[in-house]
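# Observations on the model geometry
The lines below spell out each chain.
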Amino acid sequence: MEARLCSEYFSCCHIAQGKHSEAETALQESLDKDPNNADTLINMFYNSSFVGKSPEVSNRFFSQLKDANPNHPFVQDYYKKEAEFDRVSKMFSAS
């Protein structure tokens, strides 16, 4: 099995078990092998809040994800939700 993929699978298992520090280690190994892998960046973004990282760290992973993988379904879904939020919030804006 490809080493990066193996690290990714281990990280998902660790996250599911609530072992977020171990997940971070496995994800970092995966990120070292492929720094723009969408799945790894999504999991780093998600997991970073559980290991006490600052919001800036999470935002950095998310920005890297958007820059490197603009057509990934996760990113596209985010943009759709962002646009919907903007549309709905305008309905409640002060005139």
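Report follows, based on the coordinates. Please read all numbers here as calculations on a predicted model, not as lab measurements.

Each α-helix turn comprises 3.6 residues. Residues three or four places apart therefore point the same way. Taking 1.5 Å as the rise per residue, helix α2 (residues 20–33) with 14 residues should run 20 Å; its terminal C-alpha atoms sit 20 Å apart, in good agreement. His20, Ala23, Ala26, Leu27, Ser30 and Leu31 are the residues of α2 that are buried. Each buried residue of α2 sits inside an arc of 140° when the element is viewed along its axis, so together they form one side.

Counted according to the given criterion, the structure contains 3 salt bridges. Residue Glu24 is joined to Lys53 by a salt bridge in which the shortest nitrogen-to-oxygen separation is 3.2 Å. Of the two residues, Glu24 is situated in helix α2 and Lys53 in the loop between α3 (38–48) and α4 (55–68); the sequence distance between them amounts to 29 residues. Note on Glu24: relative accessible area 24%, which makes it partly exposed.

Thresholds, definitions, all that
Residues numbered from 1 in each chain as written. Predicted model: local features only at pLDDT ≥ 70, side-chain atom pairs only at ≥ 80, totals over all residues. Heavy atoms only, no water. Helix = DSSP H or I, 4+ residues; strand = E, 2+ residues; numbered from the N terminus. Expected span 1.5 Å × (residues − 1). Buried < 20%, exposed > 50% of the residue type's maximum accessible area, 1.4 Å probe, protein only. Arc of directions from axis to C-beta. Salt bridge = Lys/Arg side-chain N within 4 Å of Asp/Glu carboxyl O.

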